[in-house]
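Here is what each chain is made of, one letter per residue.
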Protein chains: 2
Amino acid sequence: MDVTIYEVAQRAGVSIATVSRALRGTGPVAARTREKVLKAVEELNFTPSHLGVSLAEGRHAANGIVFPDLAGPYYTEVLLGYEEVASELGRSVVILSTKGRSRVNDLVKDLAGRVDGMLIFGHTVPEPLVAELVLLRMRLVFISRDPLTGADTLRSENRASAGALAEHLAGHGYERFAFLGAPMASQDDVDERWQGVRAVLGGAIEAVDTRHYTVECGFEAARGLLKGRRRPEAIICSDDEVALGALLAAEELGLSVPGDLAVTGWDDIMAARHARPALTTVRQPMRELGARAARALDELITGARHLPRHQSLPTELVIRSSCGHHPETSPNPDRRAGDPFRPR
Amino acid sequence: MDVTIYEVAQRAGVSIATVSRALRGTGPVAARTREKVLKAVEELNFTPSHLGVSLAEGRHAANGIVFPDLAGPYYTEVLLGYEEVASELGRSVVILSTKGRSRVNDLVKDLAGRVDGMLIFGHTVPEPLVAELVLLRMRLVFISRDPLTGADTLRSENRASAGALAEHLAGHGYERFAFLGAPMASQDDVDERWQGVRAVLGGAIEAVDTRHYTVECGFEAARGLLKGRRRPEAIICSDDEVALGALLAAEELGLSVPGDLAVTGWDDIMAARHARPALTTVRQPMRELGARAARALDELITGARHLPRHQSLPTELVIRSSCGHHPETSPNPDRRAGDPFRPR
DNA sequence: TTGTAAGCGTTATCAA
DNA sequence: TTGATAACGCTTACAA
């Protein structure tokens, strides 16, 4: 803005120290004096400079967030939950996308110089830099990453849900499965899903790499798979976007889903509900993940808590029609209670 | 971070002024001296404090963005384009969502204290506050809003595209139309779309208010409309989410789309392509809008440009199957060239 | 070519 | 109850 504490002080006929005290309620101020100050503040439309305050207080009142891309709804939802709670706690949110960026290190360091703590997705920040940040006492919360020391981690449950999904599919009588996902080393979450389905299906399932978690890559990989001999009866996808790609591939090859092939996703993004057949998937509490991250960060920053914590949130299996018919449950699984307008 | 310019100066055996000069290349520094400084910087892993720099320079090197919500893909895409270019230009992005917030004014003012300029969607910021921001010389760019003085505006073309869409539908032979959208006063863009279709269809189209631009509201409004007597043959929706709701309503009522009813959306979000029938819609260059906003802001902030500018970007009509069959064009309009994997 | 010192806008300590 | 004044970490005249 423009008007400084000096002008307020002058107008109120007091010192800047008094103005500061009056405004933040630290230290004693005579009632009459406070009034004068408030009046001057009002008249001048004074707002303390963030820079000044931060410099003096040694904190930014801002949180960072680092994500690979915002393309899918997953990151967006987390971001929304994060921003909402951060804002409630009086902290701004500075974002950083790493997608297609060279010099990620510099960008992250720059961000670190603007915030008191940050939320980082998975492995978007190189390990050595993470260590450096921990050393610099930057408060960190990771989402979708295996626990590490010196930082909080937050995730939703994967293994058990994946197992439940696999069992559901096995219950349909399928016997040949495929798992579609990007190189699992890059995403701890996806690796857990793979472990979960594998534990149930054993040798009946094979993993296929898509390069990325996108509709395009899902399409390519599924097409290759479906053209081969010994085509799988069910494709379990690492996320909804890959699954949407698989659906398109099946359509192109004239295969009916779920008649000839079952397909499942993960996340329950908006398009999952509107695809036809509607996608069977696993719903993650994305907004809640973001909200908790903001709260966790606040605790670490304010010093309300010092020890790192590792949380895991429950997920929900969402059965729709892409995995096969469910005669005894309901004639049309896509219209089950709560769908399509269940509150979030 | 932690280490200051003083420690670097001491280690290098020079003054802080020299360190500053050496680092930013302002003013002369002897080659040997520069080396010493760089070495010290390296050893101490020094990064200048943003607060210090900003305070001294009188600028934040940060941009703000104010949006109502990030729920749909529209804002997300714009945000991505914005962040990408801002980052290229060396500016961070601070976000603010106004959805469900009381005290929006305070939040926006706070944001204004952290950035050099901001991108604002439509009418998310109350008019008096906008005026105040202009007065405070905050650089502003609006997206999806009628031009105003003292700020840039940026939008994609609406009227002509809406007209083209209406003509296409009329070409199918439909005669009774409905337009589904929220109160048009709240969204200049949507109002223009309404004007555009209306200019072509005249009395053959009636407007119906949904309360918000959501799947839920689209569903409710469409259901009401379709249950009434004199049901429309085609529903033109203000955006894709409303259209998805309309699709669900038709499904619930046992109406086939496009057989019994045509439906169109706007934006071409991901779900539009995957819905069945796939949505005929109008594609906005959302990322490009964001990118241009960032560039415009940069020009205003650096002083490369002083006069406000008002840009309008072209859109693209995307014909899919929800608006009716297109025998002569292609047997399956959903598979036309470029779909589903046209590059962005 | 380098150093001294005055800002930049606050907060907070210490005297008064 | 108030007011000087020293931080906070940097940039940049101005002098040397």
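All of the points below concern the structure found in this document. These figures come from a predicted structure and were not determined experimentally.

This part covers the pattern of salt bridges. Inspection of the entire model under this criterion finds 55 salt bridges over all chains. Ionic pairing is found between Arg145 of chain A and Glu127 of chain A, a salt bridge with its closest N-O pair at 2.2 Å. Of the two residues, Arg145 of chain A is situated in the loop between β4 (139-143) and β5 (152-156) and Glu127 of chain A in helix α7 (residues 127-135); the sequence distance between them amounts to 18 residues. Residue Arg145 of chain A is classed as buried on the basis of its relative accessible area of 4%. One salt bridge in this structure joins Arg276 of chain B and Glu251 of chain A, with 2.8 Å as the shortest N-O distance. With Arg276 of chain B in the loop between α12 (270-274) and β10 (281-283) and Glu251 of chain A in helix α11 (residues 240-252), the pair connects residues from two separate chains. Owing to a relative accessible area of 23%, Arg276 of chain B belongs among the partly exposed residues under this scheme. By relative accessible area, which is 35% here, Glu251 of chain A ends up partly exposed. One continuous salt-bridge network, built from bridges that share partners, spans Asp146, Arg155, Asp189, Glu192 and Arg193 of chain A.

Turning our attention to empty space enclosed by the protein. Taken as a whole and judged by the stated rule, the model has 1 cavity of 30 Å³ or more. Around the largest cavity sit 18 residues that line it, and Leu51, His60 and Arg114 of chain A together with Leu51 and Arg114 of chain B are the ones nearest its centre. Listing elements by their share of the lining of the largest cavity, those giving two or more residues are α4 (50-57) and β2 (92-97) of chain A together with α4 (50-57) and β2 (92-97) of chain B. Among the residues forming the lining of the largest cavity, the class breakdown is 6 nonpolar, 10 polar and 2 charged.

With that out of the way, let us pick up the relation of the copies chain B and chain A. One chain copy maps onto the other through a rotation about an axis and a shift parallel to that axis. Rotating chain B by 180° and translating it 0.1 Å along the rotation axis places it on chain A, where the RMSD comes to 0.1 Å. Taken together, the rotation angle and the small translation identify this as a two-fold axis. Taken together, the interface assignments show that 100% of the residues at the interface of chain B recur at the interface of chain A, consistent with an identical surface on both copies.

In the vicinity of DNA strand C lie 27 residues, with Ile5 and Ser20 of chain A together with Thr18, Ala30 and Thr33 of chain B positioned nearest. Taken together, the sugar and phosphate atoms account for 61% of what DNA strand C places within 4 Å of the protein. Gly52 of chain A is positioned such that a nitrogen or oxygen atom in its backbone is 3.4 Å from a base nitrogen of DNA strand C. At 2.7 Å from a phosphate oxygen of DNA strand C is found a main-chain nitrogen or oxygen belonging to Ala30 of chain B. Mapped onto the surface near DNA strand C, the elements with two or more residues apiece are α1 (5-12), α2 (16-24) and α4 of chain A together with α2 (16-24) and α4 of chain B. Here the surface near DNA strand C gets 5 residues from one element, more than from any other, and that element is α2 of chain A. Of the residues contributing to the surface near DNA strand C, the split by class is 16 nonpolar, 8 polar and 3 charged.

Another aspect to go through is the sheet that holds strand β6 (residues 177-181) of chain B. Residue and element names in this part refer to chain B. Spatially, β7-β6-β8-β9 is the arrangement adopted by the 4 strands of the open sheet, whose pairing is parallel. One side of each edge strand has no neighbouring strand; the edge strands of this open sheet are β7 (205-209) and β9 (262-264). Averaged over all pairs of adjacent strands, the angle between strand axes in this sheet comes to 20°, irrespective of strand direction. By the bridge criterion, 3 bridges tie strand β8 (residues 234-237) to β9 in an arrangement that is parallel.

Below, the discussion takes up unusual backbone geometry. Across the junction of Val257 of chain A and Pro258 of chain A, the peptide omega takes the value 5°, indicating a cis bond. In this fold, Pro258 of chain A is placed in the loop between α11 and β9 (262-264). A cis amide bond links Arg276 of chain A with the next residue in sequence, Pro277 of chain A, at an omega value of 0°. In this structure, Arg137 of chain B is a non-glycine residue whose phi angle is positive, near 65°. In this structure, Arg137 of chain B sits in the loop between α7 (127-135) and β4 (139-143). For Ser144 of chain B, which is not glycine, the phi dihedral falls at a positive 65°. Relative to the elements of secondary structure, Ser144 of chain B occurs in the loop between β4 and β5 (152-156). For Ser144 of chain B, a relative accessible area of 3% puts it in the buried group.

Rules used throughout
Residues numbered from 1 in each chain as written. Chains lettered and ligands numbered in written order. Predicted model: local features only at pLDDT ≥ 70, side-chain atom pairs only at ≥ 80, totals over all residues. Heavy atoms only, no water. Salt bridge = Lys/Arg side-chain N within 4 Å of Asp/Glu carboxyl O. Helix = DSSP H or I, 4+ residues; strand = E, 2+ residues; numbered from the N terminus. Buried < 20%, exposed > 50% of the residue type's maximum accessible area, 1.4 Å probe, protein only. 1 Å grid on protein atoms, 1.4 Å probe; cavity = no way out; pocket = protein on both sides within 12 Å on 5 of 7 lines; lining within 4 Å. Points joined across faces, edges and corners; volume = space filled by probe spheres on them. Nonpolar A, V, L, I, M, F, W, Y, C, P; charged D, E, K, R; others polar. Least-squares fit on C-alpha atoms with pLDDT ≥ 70 in both. Contact = heavy atoms within 4.5 Å. Near = heavy atom within 4 Å. Polar contact = N/O pair within 3.5 Å; in protein donor to acceptor, adjacent residues only side chain to side chain. Pairing = 2+ DSSP bridges. Axes fitted to C-alpha atoms, helices over the stretch in contact; angles between N-to-C directions.

Remember that the coordinates give geometry; whether it matters functionally is a separate question.
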